[in-house]
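# Coordinates in review
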Amino acid sequence: MPLIPSNLAAKFPQPSIFSTKNNNSLKTHFRFLVSHHNINYPKSITPICCLSNCDEKTHFYDEMGVNSKWVEVESYVKELEVAVKAVHVACLLCQKVQEDLIFNGGDNVQAKDDNSPVTIADWSVQATVSWILSQAFGPENVSIVAEEDIEALSKPDTTTILSSVVKTVNESLSSADHFGIKPPVTNLEPIQVLEAISRCNSTGGPTGRFWVLDPVDGTLGFVRGDQYAIALALVENGQVVLGVLGCPNYPMNKEWLNYQNGYRRILSRLTKPGALGWDNNGCVLYAKKGSKKAWMEPLLSGDKGVGPARQIKVSTIDNPVLATFCEPVEKANSSHGFTQGLAHSVGLRNQPLRVYSMVKYAAIARGDAEIFMKFARAGYKEKIWDHAAGVVIIEEAGGIVTDAGGRRLDFSKGTYLHGLDRGIIACAGAALHDKIMSAVDASWNSSSL
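Residues numbered from 1 in each chain as written. Predicted model: local features only at pLDDT ≥ 70, side-chain atom pairs only at ≥ 80, totals over all residues. Heavy atoms only, no water.

### What to know about the sheet that holds strand β6 (residues 209-217)
Here seven strands make up an open sheet; going across it, the order is β5-β6-β7-β8-β9-β10-β11 and the pairing mixed. The two strands at the open ends of the sheet, each matched to only one other strand, are β5 (144-146) and β11 (310-312). With direction set aside, neighbouring strand axes in the sheet form an average angle of 20 degrees. The sheet contact formed by strand β7 (residues 229-236) and strand β8 (residues 239-247) spans seven bridges and is antiparallel. Pairing of A233 across the sheet is with G243, part of β8. Across the face of the sheet, helix α3 (residues 77-104) comes into contact with β6, β7, β8, β9 (283-288) and β10 (294-298) while running at roughly 30 degrees to β8. (Pairing = 2+ DSSP bridges. Helix = DSSP H or I, 4+ residues; strand = E, 2+ residues; numbered from the N terminus. Axes fitted to C-alpha atoms, helices over the stretch in contact; angles between N-to-C directions. Contact = heavy atoms within 4.5 Å.)

Structure (C-alpha cells):
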C-alpha cells in the first residue's frame, strides 16, 4: 500500500496514448510511478518521459506519435514520502526517550542559554532526520534550518550525553527499514552524528530550497510527559510547499483526549489496540501546498510499519458560541489574558484547549478545535520552525492562517517571522477568522501588550 494517498490514477490517460518503444530506463521509472499509485498498465507500455526528469506535467504519445496529451504528475512526491517516513522514525525515537524519562528518570535534560530545556531527543531527532534526508537526496542537495546546534554537545563535560545521543540515533536508524528506509551499513560514529546535526545550519531566506525542522517542538511538554510534536517542512523560494507534523501523544480518537497523558499511557498498555491502530495511538499529519488535501496516519510500532492514511478536514463550525479555541500552555512568551478576553468578546464559551507545541495546529486541521490565537509578549520573536509545517497542513485541510492584520505568514526572511502584525490567528473557516480579526482590532488599543 502506498504511503502517500493520491488521485493520480484519475489523471493518467488510457493506455492507447503510450509509446511501446523499447527503453528499459524509462520503463523502470514508469513502473515505479504506476505501481506507487496503484495504476495497472501493461509492461510493454513506456512513457516518453518519467517522474524523475519531468516537470509537473508529463507528455505522452501514442505509437504513431499523434494524439499527444499533457498529463499532470504531482511535484514533491519523493520529498513528501521521505519526509513522512523520517517523521515516523523520529516519533518512535521520541516515544522511547520520553518513556525512559518518565519511568526511569535520568539526567538527559539540559538547559539552553534561554533556560529552555533540551533533551537527547532534540539532538537525536535532528541527527536522524538530517541523515535520512541526506541519504535520500544527497548531502550536497540538503539544506536545513533547525533549532539545535552542536555547541552544547561539544563540551568536555557532555561526553555522557553525546554517547546517549549516538546510541539513540543508531537504535532508531537500525529499525528504519520498517518504513522503507535503508539503515546505515554500520553504526554511525560520534563524529558522524555531530556532522549530521551541524549540517542543519541554514539561515533560510527568499530563494532556493531548504527544510525547516523542529526536532521536538514543545520540549517542556515532552519532559513533563505531555504533548509535543516533530515538525518538518520544505520551503522553496520563500513558500512552504509541504509540511509533516508528528504528534506521538495526540491520540487518533478524539475521545482519548479526556484522559491525561499518564493515564492514557497506562491504559494503552492494558487494552488491546485496534487492528489498524486508530484508537489511542499518536498520529502523523501531512499536506502538500496546492493539493487542497491533508492526511493523517496512525503512529504504529516500528515492526508493523504505518497504517493507511485518511483525509482530514477542518471543522465546519462557524458560530463562535460553539467553537473551541487553542492557546499555548506557556505564559512566558504569550498573553493568556488578552486571548481569554478576546475569546469572551466574540462569544467563545467552550473550555479552551491548551496544549504544548504545534499540536494546536493539528487540532485545528483535524477538526478538534476551530481557533488558535497567539499574541506574543513584547520582545519575543516567532521562529519559522514553530509554524511552517502546521500552517500548510491547516491551509490544505481547508483552514486559514494569517497574522492579526490578515496577511499570510512570511517564511522568506530567515529564521524569524519578521513583519508579523501583532499575533497569529488560525481558524477553521473565513467567517470565524473575520470575527476574530475584528475583535482584535477593537480590543488591541486597550490592551497592555
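### Considering the packing of helix α5 (residues 159-174) against helix α6 (residues 190-198)
Taken N-terminus to C-terminus, the directions of α5 and α6 make an angle of 85 degrees; their axes are 10 Å apart at the nearest point. One element, α5, and the other, α6, form an angle in the roughly perpendicular class. Together, L162, V165, V166 and V169 of α5 and P190, V193 and L194 of α6 make up the contact between the two elements. For the contact of α5 with α6, the residue count by class is seven nonpolar, no polar and no charged. (Parallel < 35°, antiparallel > 145°, perpendicular 65-115°, else oblique. Nonpolar A, V, L, I, M, F, W, Y, C, P; charged D, E, K, R; others polar.)

### Some details on the pairing of β6
By the criterion of burial, β6 is predominantly enclosed, with eight of the nine residues buried. The sheet contact formed by β5 and β6 spans three bridges and is parallel. Bridging across to β6, V145 finds its partner in V212. As defined by bridge partners, β6 adjoins β7 across seven bridges and the pair is classed as antiparallel. Opposite L213, over in β7, you have L232 as the bridge partner. (Buried < 20%, exposed > 50% of the residue type's maximum accessible area, 1.4 Å probe, protein only.)

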